[in-house]
Number of protein chains: 2
Amino acid sequence: MRKLPPLNALRAFEAAGRHLSFSRAADELAVTPGAISQQMRILESWLGTPLFKRDPKGLTLTEAGAVALPHMREGFDRLLTGTRLMQSGTGPSRITVSVAPSFASKWLVPRLDAFQEKHPDVDIYVHADMDVVDFATADVDVAVRFGQGGYEDLVSDRLMSESIIPVCAPSLATADTPLDEPGDLLRHTLIHDDSDGVPTWLMWLRAAGVDCEGVGTRGPRFNQSSLVIEAAVAGKGVALAKYALAVADLEAARLVVPFGHETPTDFAYWLVYPEAKAALPEVKAFTSWLKSEAHPPQPQG
Amino acid sequence: MRKLPPLNALRAFEAAGRHLSFSRAADELAVTPGAISQQMRILESWLGTPLFKRDPKGLTLTEAGAVALPHMREGFDRLLTGTRLMQSGTGPSRITVSVAPSFASKWLVPRLDAFQEKHPDVDIYVHADMDVVDFATADVDVAVRFGQGGYEDLVSDRLMSESIIPVCAPSLATADTPLDEPGDLLRHTLIHDDSDGVPTWLMWLRAAGVDCEGVGTRGPRFNQSSLVIEAAVAGKGVALAKYALAVADLEAARLVVPFGHETPTDFAYWLVYPEAKAALPEVKAFTSWLKSEAHPPQPQG
DNA sequence: GACTGGCCATTAGGTTTCCTTACAAGGATA
DNA sequence: TATCCTTGTAAGGAAACCTAATGGCCAGTC
């Protein structure tokens, strides 16, 4: 027979195992830690096996618990999807998207209007965070990740490649300080991007054959690509920008490419989401829209 | 937030939707129909959407219910798998296998000893039924199906092909009534197999160029291949047998092939099971053993 | 056409489950 | 050592859940 333990106990286990903490699980489920403790005692005695090792240092899963946890997660994920499917049609639906702040401000947000227009019934929550979201713990439906692919246990679609290109404000180059060749960079302020996937100016200059001893590291530094681009727009110097993030400012002529070409990178933008979410209509709508934005069917000249 | 309706209500919905009957769902969950009715009312009001159409003729799912049901099934399946994983190690485990009766008696059961020897901790329940088992309703872990593949929503592995061959008891051919060529069949009793995937004697005789007007349909008929083979073993006549089912009796010299060759069929034996079951150690053990039995690594001469 | 059986809906009432409160014990940190 | 944080336990109360009983509806059947 389909014999399941008390379902609330399973849900408590899933939360406790995920957080490795009864207290945080209790928070998530809006009950007291004692309730979780009792549920775990019930579940463990129902099973006849301990699920947690209560070390003084903290909670760890036993082998039985560790093996089962992913299946519980997956199971509750499916139930959640089923529930949301039942609800769709009754009121507006919502989708939570996790992206890096730079990608949000420079790529996603400027396009969201188009999505809203196409799907007025779907609300988008943009969850912009520097940390890579963990689908197991966060309440996120889909994410865009910048990296080299290979995301386990997730559906992943390659959205677009990224390449690197020097950019600056149109007004930056003057008769006194031109920007006609890489060597001219030595007489300009360089803006540095410390985020992942961007080569340093030092590397770029060396590859361009410019002797930059003691010069290539000077200038303002940012840990977010969007700040780098905005600094460049503001005329603060020349930046090595991610093309996909800078393209809007380039098209609007707020930025220009003084010389050089795009340098391709190994990194790309990936659209990822858990398998269990794939069936939600709002996820379908968003992902297909996102892919069509990333691969425009008719590239404009 | 991960907001789920009362879990027992979801489980009741899953059962009621699967059976399309509150009463049968109540049976399955060992409660009264009234309890199911209440749970459904609670769930529907929680969602704000009806899930069933209560027609006088019977229960049907609304669109919302129909769309969500498979996800609920899948979800509870995963929870069940997780639960069984937690339990493994505590006491013997069990696996339920659904097969056709003929396959059970002529192929699977004779080999089960070997499995038991290899995995003494796993009990096998053989569920032999002429009807194709529905994983959605039956409590079955894996099944072997005879057909042409294309089983939806299931993991399916091709076990082995099937071919057809004439067989009879070694003593059947005598000096008076020899069995040296197809034409000799006209002076023998023909045993007919009405089960799927077996050509009729009429078709076989015609293909062999034997004029069999009014002869090809005489003789005993069985709806199960194992009965056909046993009738042949008992010397009741010549049968068109499924090779995979007859091979043991051929090797034991209880049957012989008077003439002719195997005729390949479009049908094969497929090992199928729901994705959610794939992680269970007993399922892994059984499926890999079954595959190794079906494709012997070192065919013996 | 009334009878019967099967099905679902509804209500009231009781039982079980579940949660909270409160306290205890055990590190970790300062 | 004192405080904070954790988990574990017990007792009481709240909430969820189930049963039992009843009624309506339809489909057979006599």
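The structure presented is a predicted model; accordingly, all values stated were derived computationally and were not measured.

Caption draft 1: Up close: the nonpolar core. Ranked by size, the top nonpolar core spans 138 residues in total, and within it A:A232, A:A239, B:A232 and B:A239 carry the most contacts. Residues within four places of A:A239 in sequence aside, it is in contact with A:V167, A:C168, A:I191, A:D193, A:V228, A:I229, A:A231 and A:A232.

Caption draft 2: Layout of the interface of chain B and chain A. Taken together, the contacts link 34 residues of chain B with 34 residues of chain A. Where the side of chain B that touches chain A is concerned, the elements lending two or more residues are helix 1 (7-19) and helix 4 (63-87) of chain B. Broken down by element, the side of chain B that touches chain A gets its largest block of residues, 18 residues, from helix 4 of chain B.

Caption draft 3: Just the protein's contact with DNA strand C, in detail. Close to DNA strand C lie 21 residues, the nearest being A:V31, A:G34, B:S23, B:G34 and B:S37. Of all elements in the fold, only helix 3 (33-47) of chain A together with helix 2 (22-29) and helix 3 (33-47) of chain B reach the threshold of two or more residues within the surface near DNA strand C.

Caption draft 4: Expanded view of the packing of helix 1 of chain B against helix 3 of chain B. Residue and element names in this part refer to chain B. Relative orientation of the contacting elements helix 1 and helix 3 amounts to 115°, with a least axis distance of 9 Å. With respect to helix 3, the element helix 1 is oriented roughly perpendicular. Considering only the axes of helix 1 and helix 3, their crossing is left-handed. Within the contact between the two elements, helix 1 uses N8, A9, A12, F13 and A16 and helix 3 uses I36, Q39, M40, I42 and L43. Looking at the contact of helix 1 with helix 3 residue by residue, the classes come out as eight nonpolar, two polar and no charged.

Caption draft 5: Local environment of the sheet that holds strand 9 (residues 238-242) of chain B. Residue and element names in this part refer to chain B. Pairing is mixed across the open sheet formed by eight strands, whose spatial order is 4-3-5-10-6-9-7-8. The sheet is open, and its two borders are formed by strand 4 (122-128) and strand 8 (221-222), each paired with just one other strand. With two bridges connecting them, strand 7 (residues 190-193) and strand 8 associate as parallel partners. Bridging from a neighbouring strand, D193 pairs with F222 of strand 8. Lying on the sheet, helix 7 (residues 225-233) is in contact with strand 6 (155-167), strand 7, strand 8 and strand 9; it crosses strand 9 at an angle near 140°. Helix 8 (residues 243-251) contacts strand 6, strand 9 and strand 10 (263-273) of the sheet and is inclined by roughly 60° relative to strand 6.

What counts as what
Residues numbered from 1 in each chain as written. Chains lettered and ligands numbered in written order. Predicted model: local features only at pLDDT ≥ 70, side-chain atom pairs only at ≥ 80, totals over all residues. Core = buried A, V, L, I, M, F, W, Y, C linked by C-beta atoms within 7 Å. Buried ≥ 20, exposed ≤ 12 C-beta atoms within 10 Å, placed from the backbone. Contact = placed C-beta atoms within 7 Å. Helix = DSSP H or I, 4+ residues; strand = E, 2+ residues; numbered from the N terminus. Near = placed C-beta within 6 Å. Axes fitted to C-alpha atoms, helices over the stretch in contact; angles between N-to-C directions. Parallel < 35°, antiparallel > 145°, perpendicular 65-115°, else oblique. Left-handed = near helix turned anticlockwise from the far one by under 90°. Nonpolar A, V, L, I, M, F, W, Y, C, P; charged D, E, K, R; others polar. Pairing = 2+ DSSP bridges.

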